[in-house]
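Geometric and topological summary
Here is what each chain is made of, one letter per residue.
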Amino acid sequence: MPPAIEAESLEIRYGASRPVRDLSLRVEWGSVYALLGRNGAGKSTLVRCLLGQRRASRGTARLLGRDSWRHRCRIMAEVGVLPETPQLPPRLTLAQLFLLRRSLGGWDDEEAEARRRALELPSDVPVGKLARSEEAPPW
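The following refers to the structure shown. (Residues numbered from 1 in each chain as written. Predicted model: local features only at pLDDT ≥ 70, side-chain atom pairs only at ≥ 80, totals over all residues. Heavy atoms only, no water.)

1. Looking at the packing of aromatic side chains
To keep it simple, the criterion reads: Ring pairs shown here join Phe, Tyr and Trp side chains whose ring centres sit within 6.5 Å, with only the six-membered ring taken for Trp; geometry is labelled stacked below 30 degrees between planes, edge-to-face above 60, and tilted in between. Residue burial is assigned from relative accessible area. The probe radius is 1.4 Å, only protein chains are included, and a residue is buried under 20% of its type maximum, exposed over 50%, and partly exposed in between. Here, a charge over a ring is recorded when the distance from Lys NZ or Arg CZ to the ring centre is within 6 Å and its angle to the ring normal is within 35 degrees.
Under the counting rule described, the total for this entry stands at 1 aromatic pair. Consider the rings of Phe98 and Trp107, whose centres lie 5.4 Å apart with planes at 55°: the pair is tilted. Overall, the relative accessible area of 16% leaves Phe98 in the buried class. Positioned above the aromatic ring of Trp69, the side-chain terminus of Arg72 is 4.0 Å from the ring centre.

Printed below as a string of structure tokens:
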């Protein structure tokens, strides 16, 4: 069985900057792995590459046994990611975002609405106007 996460001789460039250089990594299924490093060390860049959101400049990146770039749509359908700063369209309301997400399939209206109510979020306010809470969510 291939590893859950695999990178081999991976390099990711942004112009002249190379936040990820000659990285080789293997994380087996069922493992717990922490990716630690100072700001700018390339942690988020590596995760984006593994998710197929950023193409490697050199080397290979595989997630769930699949090439991260070639199979990015399938990988994103199987992986849950919670970024520190979500990139939601700031002018859309939650109601509009729920409608958009429903059109992509695999959406549970009742679950989404239950979470919206539990967090006491209005459905008619643009998400860019919602305040960020430092409290942990109730789930």
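2. Notes on the sheet that holds strand 2 (residues 17-27)
Inclusion rule: Should DSSP find at least two bridges between two strands, the strands are taken to pair. A run of DSSP states H or I qualifies as a helix once it reaches four residues; a run of E qualifies as a strand once it reaches two. Both are numbered from the N-terminal end. It only takes one pair of heavy atoms within 4.5 Å for two residues to be counted as in contact. Each axis is a line fitted through C-alpha atoms, and for a helix only the stretch in contact is used; angles between axes span 0 to 180 degrees, taken between their N-to-C directions.
The antiparallel open sheet is built from 4 strands, whose spatial order is 2-1-3-4. The sheet is open, and its two edges are formed by strand 2 and strand 4 (66-67), each paired on a single side. Of the strands in this sheet, strand 1 (5-14), strand 2 and strand 3 (58-63) touch helix 1 (residues 43-50), which is tilted by about 115° from strand 1.

3. Points about the nonpolar core
This is how the line gets drawn: Definition used in this section: a nonpolar core is a set of buried Ala, Val, Leu, Ile, Met, Phe, Trp, Tyr and Cys residues joined via side-chain atoms within 4.5 Å.
Counting residues in each nonpolar core, the largest one holds 10 residues, listed as Ala7, Leu10, Ile12, Val20, Leu25, Val27, Leu46, Cys49, Leu50 and Ala61. If you list the elements that add at least two residues to this core, you get strand 1, strand 2 and helix 1. Excluding its chain neighbours within four sequence positions, the residues that come into contact with Leu46 are Leu10, Ile12, Val20, Leu23, Leu25 and Leu35. The next biggest cluster of nonpolar side chains, apart from the first, holds 5 residues, and it includes Leu94, Leu97, Ala112 and Val127.

4. As for the layout of surface pockets
To keep things clear, this is the line we draw: Buriedness of a pocket was judged along seven lines, with at least five required to meet protein on both sides within 12 Å; pockets are open sets of points on a 1 Å grid over the protein atoms alone, cavities are sets where a 1.4 Å probe fits but cannot get out, and lining residues have an atom within 4 Å of a point. Grid points are joined across faces, edges and corners, and a volume is the space filled by probe spheres set on the points. Side-chain classes follow a simple rule in which Ala, Val, Leu, Ile, Met, Phe, Trp, Tyr, Cys and Pro form the nonpolar group, Asp, Glu, Lys and Arg form the charged group, and the remainder, Gly included, forms the polar group.
Of the voids in this model, the second largest pocket is the one considered here, and its volume is about 330 Å³. As for the second largest pocket, its lining consists of 17 residues, of which Ile5, Leu35, Val47, Leu50 and Leu63 are closest to the centre. Secondary structure elements with two or more residues in the lining of the second largest pocket: strand 2 and helix 1. Of the residues forming the lining of the second largest pocket, the biggest block, 3 residues, is contributed by helix 1. Tallied by class, residues from the lining of the second largest pocket come to 15 nonpolar, 2 polar and no charged.

These values are about where atoms sit, not about what they do.
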